[in-house]
Amino acid sequence: MNDRLQLWQLNTMSRELFTQQLGGIFEHSPWVAERAWGMRPFHSLLELHEAMIQVAREAPEEQVLTLLRAHPDLAARIQMTAYSEEEQTGAGLQQLTPEEFSRFTELNAAYMRKFGFPFIIAVYGKSKSEIAAAMAVRLEHSAAQERRQALLEIQRISWLRIQRSIEE
């Protein structure tokens with residue numbers, strides 16, 4: 001993730017290489033990049049991002065649910081993508097006290113029971129206490145509200161990942 005790609009490079013890549021390079025932008029969902037490849041050339045990062053968001057929005061409902069479920073629980077001590085690990089570490093979620101870890105575990109479980117997918121939030125720039133507070137608030141949402149919010153968070157996360165990975 002340290003070597004940033006140039007947008008012009010992406011525009012000239014084969015579908016396979018394009019998918020390989022951008023497959024992690026949407027958590028464990030390389031199908032988003034693969035389908036966006038056909039919308040090239042992209043004239044800006046925003047245009048690339050909008051194409052990928054369009055692919056995700058137009059996907060069948062079951063595939064969208066799979067995208068939501070592909071995200072790791074916050075503060076989980078599991079193997080996750082390099083993007084997720086970097087983002088969660090930056091928010092302090094890999095350095096929790098035992099009490100904080102217990103609280104996140106409880107919130108994650110309650111959220112999963114209610115909504116059927118992990119809590120998703122763009123953690124960049126947020127503290128672990130802000131994230132825990134957001135989890136508690138969002139547990140009060142309806143299923144429809146939370147699904148919309150989760151997709152908005154994925155939009156934010158993917159935009160940040162594109163900005164960190166690609167130069168115009």
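Just above, that's the structure.
Residues numbered from 1 in each chain as written. Predicted model: local features only at pLDDT ≥ 70, side-chain atom pairs only at ≥ 80, totals over all residues. Heavy atoms only, no water.

(A) View of the nonpolar core. Leu10, Phe18, Leu22, Phe26, Leu48, Met52 and Phe104 are the most contacted members of the largest nonpolar core, which has 51 residues in total. Of all the secondary structure elements, the ones that give two or more residues to this core are α1 (7-12), α2 (15-22), α3 (30-36), α4 (45-58), α5 (61-69), α7 (98-115), α8 (128-138) and α9 (143-165). (Core = buried A, V, L, I, M, F, W, Y, C linked by side-chain atoms within 4.5 Å. Buried < 20%, exposed > 50% of the residue type's maximum accessible area, 1.4 Å probe, protein only. Helix = DSSP H or I, 4+ residues; strand = E, 2+ residues; numbered from the N terminus.)

(B) The arrangement of α7 in detail. For α7, built from 18 residues, the straight-helix expectation of 26 Å at 1.5 Å per residue is met to within 8% by its first-to-last C-alpha distance of 26 Å. Of all the positions in α7, only Phe104, Leu107, Asn108, Tyr111 and Phe115 are classed as buried. Burial along α7 is one-sided: seen end-on, the buried residues are contained in an arc of 105°. Residues of α7 that are exposed and point over 90 degrees away from its buried face: Pro98, Glu99 and Arg113. Buried residues along α7 sit in contact with α8 and α9. (Expected span 1.5 Å × (residues − 1). Arc of directions from axis to C-beta. Contact = heavy atoms within 4.5 Å.)

(C) Spatial organisation of the side chain of glutamine 63. With respect to the helices and strands, glutamine 63 occurs in helix α5. The class of glutamine 63 is buried, set by a relative accessible area of 18%. In this structure the side chain of glutamine 63 is engaged in a polar contact, spanning 3.0 Å, whose partner is the side chain of arginine 35. Beyond its immediate stretch of four places on either side in the chain, glutamine 63 contacts Trp31 and Arg35. (Polar contact = N/O pair within 3.5 Å; in protein donor to acceptor, adjacent residues only side chain to side chain.)

(D) Expanded view of empty space enclosed by the protein. If you walk through the whole model with that rule in mind, you get two cavities of 30 Å³ or more. Of the volumes computed, that of the largest cavity is approximately 110 Å³. Taken together, 13 residues form the lining of the largest cavity, with His71, Leu74, Gln88, Ile121 and Ile157 sitting closest to its centre. Of all the secondary structure elements, the ones that give two or more residues to the lining of the largest cavity are α6 (82-90) and α9. At three residues, α6 tops the list of elements feeding residues into the lining of the largest cavity. Of the residues contributing to the lining of the largest cavity, the split by class is seven nonpolar, three polar and three charged. Empty space within the second largest cavity amounts to approximately 40 Å³. Looking at the second largest cavity, the residues that line it are Glu87, Ile121, Ala122, Val123, Tyr124, Ile157, Leu160 and Arg161. Per-element tally for the lining of the second largest cavity: the top contributor is α9, with three residues. (1 Å grid on protein atoms, 1.4 Å probe; cavity = no way out; pocket = protein on both sides within 12 Å on 5 of 7 lines; lining within 4 Å. Points joined across faces, edges and corners; volume = space filled by probe spheres on them. Nonpolar A, V, L, I, M, F, W, Y, C, P; charged D, E, K, R; others polar.)

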